[in-house]
Amino acid sequence: MEKVIIFDTTLRDGEQAAGASLNLQEKLEIARQLDKLGVDVIEVGFPASSVGEFEAVRLIAREFRRPTICALTLANIEAIDRAWEAVKEAEHPRIHVFLSASDIHLAHQLRRSRDEVLKMSQEMVARAKSYLDDVEFSPMDASRADPAYIYQILEAVINAGATTVNIPDTVGYATPQEFGGLIRGILDNVPNIDEAVISVHCHDDLGLAVANSLEAIKVGARQVECTINGIGERAGNASLEEIVMALKTRQDFFNLTTNIDTTQIYRTSRLVSEMTGFPVQPNKAIIGANAFRHQSGIHQDGVLKKSITYEIMDPRSVGIPSSALVLSKMSGRHAFKERLSELGYTLSEEALNRAFQGFKKLADKKKEITDRDIESLIAEELRTVTEVYHLDHVEVSCGDHSLPTAAVRLIGPDGQSLADAALGMGPVDAVYKAINRIVMIPNRLTEFTVKSVSEGIDAIGEVLIRIESEGVTYTGRGASTDIIVASAKAYMNALNRLLAAKKGGK
Ligand code: KIV
Ligand code: ZN
């Protein structure tokens, strides 16, 4: 059966989502999971955009030997050269050059003629080709461009050495029929199209990204660009899990397959959600909390009799843990480790020890430890940001007749103990003000959410915040059965990211 190449751009287009910023460790962690998932291509980033981005692409290019590692670049010589520097150590490197192609972009953004853009496209693909074999080209905003011009560009870039031609619906404007028609037009009108793979890259502004991608695949596209949980610029990209499961569940219709190990989907989705701080909506297809829950009596009755009555997929096929096993304070290290491995986590001995201590502490406060609690504990472990300041102690006093007051103690960069106190509008505000008096780095809190990880009064509270400093957003997360402590941890997490970024150039 023919295969569709799964090109994952979670680390590039996904990270372009407003408020999602990943540090190097987080990118590496996600790349490891994408590798386990079996994606064919990982688009890691835009090396010319910053030192941090260049480093991330270079490290991932060095570490991962199976998948193709792709760097995105603008169509100019310096950026292409930088992209090559970043990916050259990969076993399977790819450079992805893009340039606008619609008259709207040419007139209002590039201010270039069609002839100039055609020439630049060809020359820049040739430049990339001088370094490596695997070159992808994207005529940006293709779905709003004149199809005849797209055919011309594609013919030229394939002649210059492009091995993949990617058709982006950059602003999510196309409808499935139109987009499929464009792909058919390309197959019929680009004379050398059989020398390249046709790829598609759809955005979700009208909620049609997956439908457009599937229609293009049906017509003949053989690479699809997508992201985990559908995250990406604005309304996001086509969601990988939806495309892959549509191809698998409806193999009778598509007659195509992929290299994806679908049992890794749930775990990948949770990791990306944790790392980016974007929760997955409960009704999200494939991986939402309600995707396999049956509420109405008639549905429950049917599923109990035979799951096929109301379930078109087996939840285990996407890796949703089937075990209802609940751990408690009686559970030992072995049971904890077993559960972690069933959930798909492999931690180093050191990280396992720390997570186990966290588990024991939690089990003292909470009777039953669910999978979601464990995921939250592990997420703490994976929140690997170099700590400039460490939260050592936090204490608040508040109530309806007292002034919210907080005292905090941090361990500073040289190991010194730094304590201060402040009043605030509420306990969290007081804690943040006390921390600010020590750290003294100007920032603005733009988002604060608290949610409970599981049901029950003893549930872990997870706090997600975003702060802004000099136009850049930093995400911070913290978890604890005490939401004030979770809030303090989240703020420290965001501040440490800010400090690390200022030091590291991203
Ligand atoms: O949406 C888009 O057009 C892109 C290109 C860089 C492929 O992300
Ligand atoms: Zn895009």
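First, a word on what this report is: a plain description of the structure on this page. As the structure is a prediction and not an experimental result, all values here were calculated from the model.

1. Digging into the packing of helix α1 (residues 24–37) against helix α2 (residues 51–63)
Remark: α1 packs on α2, axes separated minimally by 10 Å, with the N-to-C direction vectors making an angle of 35°. Viewed along their axes, α1 and α2 form a crossing whose handedness is right-handed. The segment α1 lies against α2, with L24, K27, L28, A31 and R32 engaging E53, E55, A56, L59, I60 and E63. Classifying every residue of the contact of α1 with α2 by side-chain character gives six nonpolar, no polar and five charged.

2. Side note on the sheet that holds strand β2 (residues 5–8)
In space, the eight strands of this closed barrel follow the order β2-β3-β4-β5-β6-β7-β8-β9, with parallel pairing throughout. Strand-to-strand twist across the sheet, computed as the mean angle between neighbouring axes with direction ignored, equals 25°. Two elements, β2 and strand β3 (residues 41–45), share two bridges in a ladder whose sense is parallel. Residue pairing for β3: D8 is matched across the bridge by I42. Across the sheet, helix α4 (residues 103–110) touches β5 (93–100) and β6 (135–140), and the angle it forms with β5 is around 80°.

3. Digging into unusual backbone geometry
Positive phi, close to 65°, is recorded for D141, a residue that is not glycine. Mapping D141 onto the fold places it in the loop between β6 and α6 (147–160). Of note in this structure, N255 is not a glycine but carries a positive phi near 55°. Structurally, N255 is set in the loop between α10 (251–254) and β10 (256–257).

4. Digging into the packing of helix α8 (residues 209–219) against helix α9 (residues 240–249)
It is the contact of α8 with α9, at a shortest axis distance of 10 Å, that shows an interaxial angle of 45°. Here α8 is positioned oblique relative to α9, judged by the angle of their axes. As α8 packs across α9, the resulting crossing turns out to be right-handed. Residues V210, S213, L214 and I217 of α8 touch α9, and the partners they reach there are E242, I243, A246 and L247.

5. Some remarks on the site of ligand 1
Around ligand 1 sit R12, D13, H96, F98, S138, M140, N166, P168, T170, H201 and H203, and that is every residue in its neighbourhood. At 3.0 Å, a side-chain N or O of H203 approaches an oxygen atom of ligand 1. Within the complex, 95% of the 260 Å² of free accessible area of ligand 1 lies under protein. When contributions to the shell around ligand 1 are tallied by element, the ones reaching two or more residues are β5, β6 and β7 (164–169).

Scoring rules and cut-offs
Residues numbered from 1 in each chain as written. Chains lettered and ligands numbered in written order. Predicted model: local features only at pLDDT ≥ 70, side-chain atom pairs only at ≥ 80, totals over all residues. Heavy atoms only, no water. Axes fitted to C-alpha atoms, helices over the stretch in contact; angles between N-to-C directions. Helix = DSSP H or I, 4+ residues; strand = E, 2+ residues; numbered from the N terminus. Left-handed = near helix turned anticlockwise from the far one by under 90°. Contact = heavy atoms within 4.5 Å. Nonpolar A, V, L, I, M, F, W, Y, C, P; charged D, E, K, R; others polar. Pairing = 2+ DSSP bridges. Parallel < 35°, antiparallel > 145°, perpendicular 65-115°, else oblique. Near = heavy atom within 4 Å. Polar contact = N/O pair within 3.5 Å; in protein donor to acceptor, adjacent residues only side chain to side chain. Areas by Shrake-Rupley, 256 points an atom, 1.4 Å probe, with all protein chains shown as cover.

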